[in-house]
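# Inside the fold
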Amino acid sequence: MFKFRQLAILLLFAGVFSPVLLRAQIDPTNRSLIQIGYNQPFEGQSPISAYAFYYYNKPSFLDNSNLTLRLAIAPVYMDSELGIKGLLGPNTDVGIGLAGGGFADSYYEIRQGRYLKAESFDGHGVTGSASIYHLFDPNFKVPLSGILRGEAHYADYVRDDTAQNFVLPNDLTSFNIRTGLRFGGEEPVLIPDVALELSIWYEGELRLNSGDYGFNGDRHVESNSHRFWGRSLFAYTLPESKQRFLISITAGDSANADRFSAYRLGGFLPLASEFPLTLPGYFYQEISATRFALFNANYSVPLDPAKRFSAHLVASTAVVDYLPGLEQPGNWNSGVGGGLSYVSHSGAWQVLLDYGYGFNAIRDSGRGSQSVGLLVQINLESTKTQYYNPNGNSGILRGLGNFMHSFN
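Residues numbered from 1 in each chain as written. Predicted model: local features only at pLDDT ≥ 70, side-chain atom pairs only at ≥ 80, totals over all residues. Heavy atoms only, no water.

### Some details on the pattern of salt bridges
- According to the stated counting rule, one finds 22 salt bridges in the structure shown.
- Of the charged contacts, one joins Arg 111 and Glu 119 as a salt bridge, the two residues approaching to 3.1 Å between their closest N and O atoms.
- When its relative accessible area of 26% is taken as the criterion, Arg 111 is described as partly exposed.
- Residue Asp 253 is joined to Arg 291 by a salt bridge in which the shortest nitrogen-to-oxygen separation is 3.3 Å. Taken together, the positions of Asp 253 in strand E14 (residues 244-255) and Arg 291 in strand E16 (residues 287-302) put the pair 38 residues apart, joining distant regions of the chain. (Salt bridge = Lys/Arg side-chain N within 4 Å of Asp/Glu carboxyl O. Buried < 20%, exposed > 50% of the residue type's maximum accessible area, 1.4 Å probe, protein only. Helix = DSSP H or I, 4+ residues; strand = E, 2+ residues; numbered from the N terminus.)

Here it is as structure tokens:
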């Protein structure tokens with residue numbers, strides 16, 4: 001039987017994942033979006049795989065100001081940033097952020113396809129950040145941005161169904177830095193019509209109160225950890241047929257990785273993070289890796305003349321080096337999926353029902369796992385007009401659309 005806390009999270013789709021979206025630059029577009037996502041495995045018990053949040057972005061939110069307010073609000077978590085355009089020069093913006101709430105720092109131990117509640121625990125935290133965003137090519141159709149962000153983060157760990165003889169890690173204070181270059185970008189929407197991105201990133205963490213924890217100190221929080229990764233992504237919608245495809249390759253490496261800084265792959269929740277590492281059919285974050293390369297491909301085709309119903313196909317494959325202690329036989333993990341989506345006549349809302357099969361996921365019955373999912377997006381901005389065309393917005397996405405059409 002669910003505990004009350006677990007039932008509340010399930011009913012609210014409460015912020016199991018911190019919604020961190022489009023944080024590589026100040027978002028130049030008015031947005032008012034509700035996003036909901038849920039995955040349910042057919043076999044085995046997993047942590048609740050869900051998100052629900054409201055994303056609000058308002059450039060010039062004070063009349064004729066250079067301020068942009070971004071909010072991502074979940075039932076028990078909020079992520080916010082105040083962007084100050086041109087503070088350090090005509091092409092250099094500054095962002096001041098504050099985020100915090102419940103469960104975003106929770107850790108769920110999944111080892112060879114088994115969710116181990118006795119070795120899992122809840123985490124609550126708060127983060128303050130300061131960011132610099134620099135645009136290198138203001139006159140080019142596709143922007144090249146440089147990002148530098150510093151963060152101070154505090155996490156408090158508490159027991160859930162954790163074993164009594166399992167020692168929790170010390171509450172952690174960490175100082176983090178992220179820097180990167182991003183060419184292009186992707187909208188924080190369920191199914192982007194057009195997107196192009198090439199990006200490289202570094203993220204370092206310096207932690208206070210590191211040390212051993214677990215059963216008799218059998219695992220360790222590193223005092224410092226480093227990650228390096230890059231992503232290439234291309235999405236396009238054919239103007240006449242409205243067939244849509246998306247291809248992405250994401251790869252990363254790390255140094256001094258531990259359970260809190262390893263790359264975690266699995267599940268199909270495309271807006272759970274800024275860089276979702278999706279594998280259809282797997283539990284969310286089932287695979288913990290120190291090094292990986294992940295390929296994703298999505299294709300959709302309309303099924304009716306009005307182009308409101310569409311069929312979707314998804315394929316993913318990844319090669320990984322596992323985090324020590326969380327290894328499993330074989331370094332390849334692959335999955336496929338399919339689904340059916342519907343977009344309302346006005347474009348104000350859309351829903352996607354999906355199915356996924358993970359070829360290499362380990363379950364009690366052997367290799368192979370299945371899951372179903374639900375993804376919903378409600379665009380409150382588009383309810384103000386009869387039709388909403390995301391490619392018609394100014395700024396980044398208009399430039400991307402022009403760039404894509406230049407190939408035709």
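### Considering the side chain of Asp 27
- Along the polypeptide, Asp 27 turns up in the loop between helix H1 (4-12) and strand E1 (31-41).
- Its relative accessible area of 3% is what places Asp 27 among the buried residues.
- A distance of 2.6 Å separates the side chain of Asp 27 from the side chain of Arg 31, its partner in a polar contact. (Polar contact = N/O pair within 3.5 Å; in protein donor to acceptor, adjacent residues only side chain to side chain.)

### Brief notes about the pairing of strand E13 (residues 224-237)
- Here strand E10 (residues 195-208) runs beside E13; their pairing, made up of twelve bridges, is antiparallel. Counted as the bridge partner of Ser 199 is Arg 231 from E13.
- The antiparallel pairing of E13 with E14 creates a hairpin that spans six residues between the two strands, and Lys 242 there sits at a positive phi of about 65 degrees. (Pairing = 2+ DSSP bridges.)

Everything listed is a geometric property; what it means functionally is a separate question.
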